[in-house]
Amino acid sequence: MHRALLAFACDQLMLEPALRAAGKSWQEVGATVPMASLDHGMWWHRDVQVDEWMLFVQTSPTAQGGRALGTAAVYTQDGALVATAGQEGMIRLPA
């Protein structure tokens, strides 16, 4: 159950760094910008408790041509890496 909840949470957040690289944010664009998850993968390194504090370290190594790659490393409060995630998404920002 906790792994499923973390996968759901990651899917909601992974494209934020790509928006930030374009000078935008989820709060700013809301539902006005078409976005879609094209592919999402997760690698589990340890058991996870989603009701405990976690640190998401997010990056967007590339974003161009309406597609973006988002990555995240998820750590526990004591610094253990519990999961790594990657997501390719479509983002259509207005010109």
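It should be noted that the structure appears before, not after, this text.
A short tour of the structure in this document, coming up. (Residues numbered from 1 in each chain as written. Predicted model: local features only at pLDDT ≥ 70, side-chain atom pairs only at ≥ 80, totals over all residues. Heavy atoms only, no water.)

1. Remarks on the sheet that holds strand 2 (residues 54–64)
Item 1. Here we have four strands laid out as an open sheet, ordered 1-4-3-2, and antiparallel in their pairing. Of all strands in the sheet, those with a lone pairing partner are strand 1 (35–44) and strand 2, marking the two edges. The mean angle between the axes of side-by-side strands here comes to 15 degrees, regardless of whether they run parallel or antiparallel.
Item 2. Judged from the nine bridges that link them, strand 1 and strand 4 (residues 81–91) form a sheet pairing that is antiparallel. Considered in strand 4, the bridge of G41 is made with G86.
Item 3. Packed on one face of the sheet, helix 1 (residues 2–13) meets strand 1, strand 2, strand 3 (67–76) and strand 4 and runs near 140 degrees to strand 1. (Pairing = 2+ DSSP bridges. Helix = DSSP H or I, 4+ residues; strand = E, 2+ residues; numbered from the N terminus. Axes fitted to C-alpha atoms, helices over the stretch in contact; angles between N-to-C directions. Contact = heavy atoms within 4.5 Å.)

2. Regarding the nonpolar core
Item 1. One finds L6, C10, M14, M42, V48, M54, A72, V74, V82, A83 and A85 forming the largest nonpolar core, which totals 11 residues.
Item 2. For this core, the secondary-structure elements that each account for two or more residues are helix 1, strand 3 and strand 4.
Item 3. At three residues, strand 4 tops the list of elements feeding residues into this core.
Item 4. Ignoring sequence-local partners within four residues, the contact set of V48 consists of H2, R3, L6, M54 and V82. (Core = buried A, V, L, I, M, F, W, Y, C linked by side-chain atoms within 4.5 Å. Buried < 20%, exposed > 50% of the residue type's maximum accessible area, 1.4 Å probe, protein only.)

3. Some thoughts on the pattern of salt bridges
Item 1. On inspection of all chains with the given rule, the structure shows three salt bridges.
Item 2. As a salt-bridge pair, R20 and E16 come within 2.6 Å of each other at their nearest N and O atoms. Taken together, the residues span about one helical turn, with R20 and E16 both in helix 2 (residues 16–21) at a distance of four residues.
Item 3. Assessed through its relative accessible area of 13%, E16 is described here as buried.
Item 4. In this structure, E88 and R67 form a salt bridge, with 3.0 Å as the shortest nitrogen-oxygen distance. In this pair, E88 sits in strand 4 while R67 sits in strand 3, placing the two residues 21 residues apart along the sequence.
Item 5. The exposure class assigned to E88 is partly exposed, which follows from its relative accessible area of 27%.
Item 6. Looking at R67, the relative accessible area reads 48%, which means it is partly exposed. (Salt bridge = Lys/Arg side-chain N within 4 Å of Asp/Glu carboxyl O.)

4. Let's talk about the side chain of Q87
Item 1. Inspection of the secondary structure puts Q87 in strand 4.
Item 2. Among the polar contacts made by the side chain of Q87, one reaches the side chain of S37 at a distance of 2.8 Å.
Item 3. Look past the residues within four positions of Q87 in its chain and what remains in contact with it is C10, D11, M14, L15, S37, D39, H40, A68, L69 and G70. (Polar contact = N/O pair within 3.5 Å; in protein donor to acceptor, adjacent residues only side chain to side chain.)

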